[in-house]
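Given next are the chains, with one letter for each unit.
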Protein chains: 2
Amino acid sequence: MHAFDVLGDPVRRRILELLAGGELSSGEVTTVIRREYGISQPAVSQHLRVLRDSGFTTVRAEGTRRLYAVDPTPLREVDVWLERFRGFWENRLDALATELARGRRRRRDPDPPATPPAPTRDEQT
Amino acid sequence: MHAFDVLGDPVRRRILELLAGGELSSGEVTTVIRREYGISQPAVSQHLRVLRDSGFTTVRAEGTRRLYAVDPTPLREVDVWLERFRGFWENRLDALATELARGRRRRRDPDPPATPPAPTRDEQT
DNA sequence: GTCGTTCATAAGAGTTGACTTATATAAGCG
DNA sequence: CGCTTATATAAGTCAACTCTTATGAACGAC
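About the criteria used
- Residues numbered from 1 in each chain as written.
- Chains lettered and ligands numbered in written order.
- Predicted model: local features only at pLDDT ≥ 70, side-chain atom pairs only at ≥ 80, totals over all residues.
- Helix = DSSP H or I, 4+ residues; strand = E, 2+ residues; numbered from the N terminus.
- Buried ≥ 20, exposed ≤ 12 C-beta atoms within 10 Å, placed from the backbone.
- Contact = placed C-beta atoms within 7 Å.
- Core = buried A, V, L, I, M, F, W, Y, C linked by C-beta atoms within 7 Å.
- Pairing = 2+ DSSP bridges.
- Near = placed C-beta within 6 Å.
- Nonpolar A, V, L, I, M, F, W, Y, C, P; charged D, E, K, R; others polar.
- Axes fitted to C-alpha atoms, helices over the stretch in contact; angles between N-to-C directions.
- Parallel < 35°, antiparallel > 145°, perpendicular 65-115°, else oblique.
- Left-handed = near helix turned anticlockwise from the far one by under 90°.
- Expected span 1.5 Å × (residues − 1).
- Arc of directions from axis to C-beta.

Caption draft 1: Highlighting the overall build of chain A. What chain A contains, in helices and strands, is six helices and three strands. If you list the helices and strands of chain A from N to C, you get α-α-β-α-α-β-β-α-α. The buried share of chain A, reckoned over its 125 residues, is 26%. Long-range pairs, those at least 24 residues apart, make up 59% of the contacts in chain A between residues at least 6 apart in sequence.

Caption draft 2: How the structure looks around the nonpolar core. With 42 residues, the main nonpolar core has Ile15(A), Leu19(A), Val29(A), Ile15(B), Leu19(B) and Val29(B) as its most contacted residues. Leu19(B) has contacts with Leu24(B), Thr57(B), Tyr68(B), Ala69(B) and Val70(B), leaving out every residue within four places of it along the chain.

Caption draft 3: Region of the structure containing the pairing of strand S3 (residues 65–70) of chain B. Residues and elements named next belong to chain B. Sheet topology note: the strand S1 (residues 24–25)/S3 ladder contains two bridges and is antiparallel. Of the residues in S3, the one forming a bridge with Ser-25 is Leu-67. Two elements, strand S2 (residues 57–62) and S3, share six bridges in a ladder whose sense is antiparallel. Bridge assignment links Ala-61 to a residue of S3, and that residue is Arg-66.

Caption draft 4: Spotlight on the protein's contact with DNA strand D. Every one of the 27 residues lining DNA strand D counts as a neighbour, but Ser40(A), Pro42(A), Gly27(B), Pro42(B) and Arg65(B) are closest to it. Listing elements by their share of the surface near DNA strand D, those giving two or more residues are helix H4 (41–53) of chain A together with helix H3 (26–37), helix H4 (41–53) and S3 of chain B. Ranked by residue count, the leading element in the surface near DNA strand D is H4(B), at six residues. Its residues assigned to classes, the surface near DNA strand D shows eight nonpolar, 14 polar and five charged.

Caption draft 5: Representation of the protein's contact with DNA strand C. Neighbouring DNA strand C are 25 residues, the closest being Gly27(A), Pro42(A), Ser40(B), Pro42(B) and Gly63(B). Secondary structure elements with two or more residues in the surface near DNA strand C: helix H3 (26–37), H4 and strand S3 (65–70) of chain A together with H4 of chain B. Among the elements that line the surface near DNA strand C, the one with the most residues is H4(A), at six residues. Here the residues of the surface near DNA strand C sort into seven nonpolar, 13 polar and five charged.

Caption draft 6: Focus on the sheet that holds S2(B). Residue and element names in this part refer to chain B. Pairing is antiparallel in the open sheet, where three strands are placed in the order S1-S3-S2. Either end of the sheet is taken by a strand with one partner, and the two such strands are S1 and S2. Where helix H2 (residues 10–20) meets the sheet, its contacts fall on S1, S2 and S3, and the angle it forms with S3 comes to roughly 90°.

Caption draft 7: Broad picture of the sheet that holds S3(A). Residues and elements named next belong to chain A. Read across the sheet, three strands follow the order S1-S3-S2 without closing on themselves; strand pairing throughout is antiparallel. The strands lining the two open edges of the sheet, one partner per strand, are strand S1 (24–25) and strand S2 (57–62). Of the strands in this sheet, S1, S2 and S3 are in contact with helix H2 (residues 10–20), which crosses S3 at around 90°.

Caption draft 8: The arrangement of the packing of H3(A) against H4(A) in detail. Residue and element names in this part refer to chain A. Viewed as axis vectors pointing N to C, H3 and H4 meet at an angle of 120°, and their least axial separation amounts to 10 Å. The angle between the axes of H3 and H4 places the two elements in the oblique class. Crossing angle aside, the handedness with which H3 passes H4 is right-handed. Contacts between H3 and H4 involve Ser-26, Val-29, Thr-30, Ile-33 and Arg-34 on the former and, on the latter, Gln-41, Val-44, Ser-45 and Leu-48. The residue inventory of the contact of H3 with H4, partitioned by class, reads four nonpolar, four polar and one charged.

Caption draft 9: Molecular detail of the environment of Thr64(B). Looking at where Thr64(B) falls in the secondary structure, it is placed in the loop between S2 and S3. Note: C-alpha distance between Thr64(B) and Ser25(B) (39 residues apart in sequence) is 10.0 Å.

Caption draft 10: Layout of H3(B). Residues and elements named next belong to chain B. A rise of 1.5 Å per residue sets the reference length of H3, with its 12 residues, at 16 Å; its end C-alpha atoms lie 16 Å apart and thus fit the reference within 8%. Residues of H3 that are buried include every one of Val-29, Thr-30 and Ile-33, and no others. What you see down the axis of H3 is that its buried residues fit within an arc of 100°, all on one side. Looking at H3, the residues exposed on the side facing more than 90 degrees away from the buried face are Gly-27 and Arg-35.

Caption draft 11: Structural detail: the packing of H2(B) against H3(B). Residue and element names in this part refer to chain B. In contact at an axis separation of 11 Å, H2 and H3 are set at 135° when each is read in the N-to-C sense. The angle between the axes of H2 and H3 places the two elements in the oblique class. Relative to H3, H2 is oriented so that their crossing is right-handed. Within the contact between the two elements, H2 uses Val-11, Arg-14, Ile-15 and Leu-18 and H3 uses Val-29, Val-32, Ile-33, Glu-36 and Tyr-37. Here the contact of H2 with H3 is built from residues that sort into seven nonpolar, no polar and two charged.

Take it as geometry only, folks, not as evidence of what the structure does.
As structure tokens, this is what we get:
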């Protein structure tokens, strides 16, 4: 499954947002997703599988728990693809400032707290 | 249809790559895509429709031809979403250099010549 | 060992999406 | 006007994706 296909699903995007805040167990992810999208535990597990299989996450076992974390590799690929279009909206002269701002923000706040988003499923269409 | 869903299809990504090189008519796009993916004219037209309807392109009529061009708006949204993950692979100290390199390249070559890609359809799965 | 957790997989249903062929619309040209 | 070119739409088929419920496997506590 291609990276963009994986990101096509709002639930998977949301899971990645959650993981952007740091490692979470399958159960913790499931709790949030169930609440926000009203889908079953197996459904969430299947999404986690897709993310795992396509390289978006790593997993490690801790007892009976499975701890998921973001693996940025495929996201970087997406970013690279996007690269060629950046000229359409990025003002060359502003680029430096943007980049500096980004760097500065990062240093203050290394783990951006995943913007609380789309509580319902209707985003999909 | 969500931006990521639109980009989920390799044909549509390829069309955008082609349009990144500048305005093209429906027919010109169709010629390339037919050759590379072996699909019919209506199939290409339908992809163009999706791109149009979801805001990825603008169209203008010139006689009987329809000239398509990239509208970056949804791509920027994708870029914004990606933003929160950039810290995973972007070395803060290198960021400035990267940005400068990008700017310099752009100035030399304002329309990057869409990397010749995926000639077959098997990329899809 | 047995019971409760935590998580994954299996099998099946419903929906969506991406093609196909056939056809419509509309402009350009003789 | 009729013919050709350029492009879009219609209708139908087939495959893929995302759920559901049911169940399995592994660990921890007792």
